[in-house]
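Breakdown of the fold
Residues per chain are reported as follows:
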Amino acid sequence: MSQDPKLQPRYSGIPTFMRTPFVPELEGLDIALVGVPFDGGVTNRTGTRHGPREVRNQSSLMRTINQATGVAPFELVNVGDAGDAVPDSPFELLAAHASIEAFFRRIKAAGVVPIAAGGDHSITLPILRALAQEGPLALVHFDAHCDTGDFYLGSRFHHGSPFKVAAEEGLIDPTKTIQIGIRGSVTDRDIWKFSYDSGMRVIHIEEFYQLGLDAVIAEIKRVVGASPVYVTFDVDGLDPVYAPGTGTPEIGGFTTFEAQQMIRSLAGLDIVGADVVEVSPPFDPSGVTALTGATMMFELLCVSALALQRRRDAADTHSGNDGG
Ligand code: MN
Ligand code: MN
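Now for a quick tour of the structure. Remember, predicted model here, so these are calculated numbers, not experimental data.

Structural notes on the coordination of the manganese ion (ligand 1)
Distances from the manganese ion (ligand 1) to its protein donors, namely His121 (ND1), Asp143 (OD), Asp147 (OD) and Asp234 (OD), fall within the range 2.1 to 2.2 Å. Along the chain, the residues that donate to the manganese ion (ligand 1) are spaced as H-x21-D-x3-D-x86-D. If you look at the manganese ion (ligand 1) and the manganese ion (ligand 2), they sit 3.2 Å from each other and are both ligated by Asp143. Taken together, the residues His121 in the loop between strand 3 (113–118) and helix 4 (124–131) and Asp234 in strand 7 (residues 228–234) connect sequence positions 113 residues apart. Under the relative-accessibility criterion, Asp234 is labelled buried at 2%.

This is the structure we're talking about:
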């Protein structure tokens, strides 16, 4: 299958992410697009287990060149669809997380950069466990919620707590973590206390619009610096007019264009992995949420390809392999 719509119509063939080849064994891949069809960590409205399949379907609308930035990711790096990280025991949260972690450990061991489509936000925890082997990562986190909550209905692990657990496990550096788009009603005034106490930079939506996009982008770069960084994009960070198909919608969010501008601004950061989570197709028969998810994945792919190319250039320079 070719990604080039000039060679094969985009509505044809078996749907993979962005019409890339299906490469479950990861041979020759630089970047793996992965589905994580799991929503056992959802606290309320479920359905994100259907996210990867619908994102794959809508992702056939992606073309090959980013018109705004000029980046052509499929020319820079080898990209493939590595299939789904299917939990062995999908009804047992901790066992499911363990098998998701094992899937991403295999990707990490192969030297491949993963870009995942969830799934609920709890899946980011096992992905971080697989990727943060050399030390804590910086984190750019788009979301209406900080997801640094505590025990909920007796469980420490759910889609409202991955970044508290990740910080406690030393997978992310809270002082190099930025959370953007936070809003909505809460049940407890201190619900996101952990974010503040641990030193995360929290940008509520009110501050987002007060600062303006350029200042928010400058803040992302200041917080992350040159550290290896994971990027996690919860579609409920967007206003629900752009992403109605999600379990925990909150009105008053940023726009899809603002999200694209923010992701494009990550060019230059040392991105080591990314995900788009919380696409819940049953709540959106129009499919626009999955299209939004697929488009954010494409934007993340473009900046991840640039980061990978830069790491390679640096390695070539250091080893003296590069004549030019
Ligand atoms: Mn979230
Ligand atoms: Mn959220």
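Re the coordination of the manganese ion (ligand 2)
On the protein side, the manganese ion (ligand 2) has Asp143 (OD), His145 (ND1), Asp234 (OD), Asp236 (OD) and Asp236 (OD) as donor atoms, found 2.1 to 2.4 Å from it. Donor residues for the manganese ion (ligand 2) sit on one chain with the sequence pattern D-x1-H-x88-D-x1-D. Residue classification places Asp143 among the buried positions, given a relative accessible area of 0%.

Brief notes about the sheet that holds strand 6 (residues 201–204)
The strand order across the open sheet built from eight strands is 2-1-3-8-7-4-5-6, with neighbouring strands paired in parallel fashion. Two strands in the sheet have a free side with no partner beyond their single neighbour: strand 2 (79–84) and strand 6. Between one strand axis and the next, the sheet turns by 15° as a mean value, whatever way the strands run.

Quick notes on the packing of helix 3 (residues 93–109) against helix 4
Where helix 3 contacts helix 4, the two axes come as close as 8 Å, and the packing angle between them is 40°. Judged by the inter-axis angle, helix 3 sits oblique to helix 4. Crossing of helix 3 against helix 4: the hand is right-handed. Taking contact as the criterion, the partners of His97, Ile100, Glu101, Phe104, Arg105 and Lys108 in helix 3 are, on helix 4, Pro126, Ile127, Arg129, Ala130 and Leu131.

Observations concerning the nonpolar core
Membership of the largest hydrophobic core comes to 54 residues, with the highest contact counts inside it found for Ile31, Phe142, Ile180, Ile220, Phe233, Phe254 and Met297. Counting 41 residues, the second largest nonpolar core, distinct from the first, contains Ile100, Val112, Leu128 and Met200.

Regarding the pattern of salt bridges
Scanning all chains against the criterion turns up 16 salt bridges. The shortest N-O distance in the salt bridge between Arg56 and Asp81 comes to 2.7 Å. Taken together, the residues Arg56 in helix 1 (residues 51–58) and Asp81 in strand 2 connect sequence positions 25 residues apart. Across the pair, Asp81 and Arg56 agree in class, each one buried. Salt-bridge contacts for Arg201 lead to Glu207; the nearest nitrogen and oxygen are separated by 2.6 Å.

What to know about unusual backbone geometry
For the bond running from Gly118 to Gly119, omega is 15°, close enough to zero to count as cis. Position of Gly119 among the secondary structure elements: in the loop between strand 3 and helix 4. Located in the positive-phi region is Arg19, a residue other than glycine, with phi close to 60°. When you line up the elements, Arg19 lands in the segment before strand 1 (31–36). With a relative accessible area of 2%, Arg19 lands in the buried category.

Observations regarding the packing of aromatic side chains
Applying the stated criterion across every chain, the model contains six aromatic pairs. Here Phe103 and Phe104 contribute two aromatic rings whose centre-to-centre distance is 5.9 Å and whose plane-to-plane angle is 55°, an arrangement assigned as tilted. Counting every residue linked through ring pairs, the aromatic cluster contains Phe142, Phe208, Tyr209, Phe233 and Phe254. Note that Arg106 overlies the ring of Phe103, its terminal NZ or CZ placed 5.1 Å from the centroid.

Conventions and cut-offs
Residues numbered from 1 in each chain as written. Chains lettered and ligands numbered in written order. Predicted model: local features only at pLDDT ≥ 70, side-chain atom pairs only at ≥ 80, totals over all residues. Heavy atoms only, no water. Donors = N, O, S within 2.8 Å, 3.2 Å for Na, K, Ca; no water. Helix = DSSP H or I, 4+ residues; strand = E, 2+ residues; numbered from the N terminus. Buried < 20%, exposed > 50% of the residue type's maximum accessible area, 1.4 Å probe, protein only. Pairing = 2+ DSSP bridges. Axes fitted to C-alpha atoms, helices over the stretch in contact; angles between N-to-C directions. Parallel < 35°, antiparallel > 145°, perpendicular 65-115°, else oblique. Left-handed = near helix turned anticlockwise from the far one by under 90°. Contact = heavy atoms within 4.5 Å. Core = buried A, V, L, I, M, F, W, Y, C linked by side-chain atoms within 4.5 Å. Salt bridge = Lys/Arg side-chain N within 4 Å of Asp/Glu carboxyl O. Phe/Tyr/Trp six-rings, centres within 6.5 Å; stacked < 30°, edge-to-face > 60°. Lys NZ or Arg CZ within 6 Å of the ring centre and 35° of its normal.

Coordinates in, geometry out; function isn't part of it.
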